[in-house]
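In case you want the letters, here they are:
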Amino acid sequence: MAFQIILNLLIALIWMSLHTTWDTLNFVIGYLIGLLLIYIMRRFFPREFYGIKIWAVIKLLILFIKELIVSSAVVLKHIISPRLKFKPGILTYQTELTSDWELTLLSTLVTLTPGTILIEISRDQHLVYIHAMDIQDAEELSAHIRGTFEQAIKEVTR
């Protein structure tokens, strides 16, 4: 993947050198042409097309921003309501993530989401303990984490 990125930057620089002006527009055009060329010739590279991973990272960032906004609204609703009607608790979550990097990313995303914090990861790295401000249904929360954060992390890292 690093080879493809360097090759794409090289194509963009060659494109810029073929024109008389060195500006951002020429670089972007050259980068997009390089991206198209690498996509067309992707079967000649030993690894998959790097644009797929970049798109997965963008989707993960969009997912995190969406979850951040939604959970912030829920926490704000709990704060301004006259009665406290939430049920805090600790969720034991079984994860399919295996590497330290994937678990670190999951713990960061869960902790940065308002109302939740990752407390501990078991020694075998298959159980994650999460404290949530409002747990109405533990299975639903587990399915939500598995379907959103964990799935997006798998797309980025695997």
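Some details on the sheet that holds strand E2 (residues 116-121)
Phase 1: Pairing in this open sheet of three strands is antiparallel, and the strands run E1-E3-E2 from one edge to the other. At either end of the open sheet lies a strand with only one pairing partner, and these are strand E1 (89-94) and E2. Across this sheet, the average inter-strand angle for adjacent strands is 30°, counted without regard to direction.
Phase 2: Pairing analysis gives six bridges linking E1 to strand E3 (residues 127-132), with the strands arranged antiparallel. Counterpart to Thr92 in the pairing with E3 is Tyr129.
Phase 3: Contacts from helix H4 (residues 100-112) reach E1, E2 and E3, with the element oriented near 150° to E2.
Phase 4: Strand contacts of helix H5 (residues 138-157): E1 and E3, with the helix running at about 50° to E1, the strand carrying the most contacts.

Quick notes on the packing of aromatic side chains
Here a ring pair, both rings aromatic, is described through the centre-centre distance and the interplanar angle of the planes.
Phase 1: What the rule picks out here adds up to four aromatic pairs.
Phase 2: Taking 5.2 Å as the distance between ring centres and 70° as the angle between the ring planes, the aromatic pair formed by Tyr39 and Phe49 counts as edge-to-face. Taken together, the residues span a long stretch of sequence, with Tyr39 in helix H2 (residues 24-40) and Phe49 in the loop between H2 and helix H3 (50-80) at a distance of ten residues.
Phase 3: Tyr39 sits in the partly exposed class, given a relative accessible area of 41%.
Phase 4: We classify Phe49 as buried; its relative accessible area is 10%.
Phase 5: Chaining the aromatic ring pairs together yields one cluster made of Tyr39, Phe49 and Tyr50.

So, how was this worked out
Residues numbered from 1 in each chain as written. Predicted model: local features only at pLDDT ≥ 70, side-chain atom pairs only at ≥ 80, totals over all residues. Heavy atoms only, no water. Pairing = 2+ DSSP bridges. Helix = DSSP H or I, 4+ residues; strand = E, 2+ residues; numbered from the N terminus. Axes fitted to C-alpha atoms, helices over the stretch in contact; angles between N-to-C directions. Contact = heavy atoms within 4.5 Å. Phe/Tyr/Trp six-rings, centres within 6.5 Å; stacked < 30°, edge-to-face > 60°. Buried < 20%, exposed > 50% of the residue type's maximum accessible area, 1.4 Å probe, protein only.

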